[in-house]
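Notes for the structure review
Take a look at the letters that make up each chain.
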Amino acid sequence: MNEMEVLVKKEKEASYNQRNKDLFTFYTLTLIKQEELKRRHRRNLVFVGLVSMTSALILLREVEVITDSFLGLILNLSIPLLYNLFYSYLVCLLFAGFVVLYKRKSLF
């Protein structure tokens, strides 16, 4: 048995001079369960943090390649648009339209 089960067993065996023993037992068991969930949540957070740090360290070597390709893609798409004002105006209107649609809660 782990220590939580031992604690629960002790609480169930203990006798208290209270009017509503079931309510007190429920409250005590709830506190124990909350502590157990807090420990489990902390353990999960540590696990997710370690996994994300590991993946970040693996990708760290490739950051330069990723940023160069992303920056190159943006420059290749945006520089020709700067020379043609009609396309620039169209892109700005489309972007503004998407922003307005995104901000609205409903389309209709």
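Just so it is clear, the model here is predicted, and its values are computed rather than measured. (Residues numbered from 1 in each chain as written. Predicted model: local features only at pLDDT ≥ 70, side-chain atom pairs only at ≥ 80, totals over all residues. Heavy atoms only, no water.)

So, the confidence of the model for the protein
Inclusion rule: As a per-residue quantity, pLDDT reports the predictor's confidence and falls between 0 and 100. We count a stretch as a helix when DSSP gives it H or I for four or more residues in a row; a strand needs E for two or more, and each element gets its number in order from the N terminus.
Averaged over every residue, the pLDDT of the protein is 82; the share at 70 or more is 93%. Of all the helices and strands in the protein, helix α3 (residues 63–83) carries the lowest mean pLDDT, 79, while helix α2 (residues 21–60) carries the highest, 89.

Observations concerning the pattern of salt bridges
A pair can form between side chains of opposite charge whenever their charged atoms are brought close. Our working definition: Salt bridge, as used here: a side-chain nitrogen of Lys or Arg that lies within 4 Å of a carboxyl oxygen of Asp or Glu. Burial here depends on accessible area, computed with a 1.4 Å probe over protein chains only, as a share of the maximum for the residue type. Under 20% is buried, over 50% is exposed, and the range in between is partly exposed.
Applying the stated criterion to the full structure yields three salt bridges. Across the pair K33 and E36 runs a salt bridge whose closest N-O atoms are separated by 3.5 Å. A residue pair is termed a helical-turn pair when its members lie 3 or 4 positions apart in one helix, as K33 and E36 do in helix α2 at three residues. Its relative accessible area of 26% is what places E36 among the partly exposed residues. When the shortest N-O distance is used, the salt bridge between E35 and R39 registers 3.9 Å. Note that E35 and R39 are positioned in helix α2 at a spacing of four residues, about one turn of the helix. Classification of E35 as partly exposed rests on a relative accessible area of 31%. Through salt bridges with shared partners, one network takes in E35, K38 and R39.

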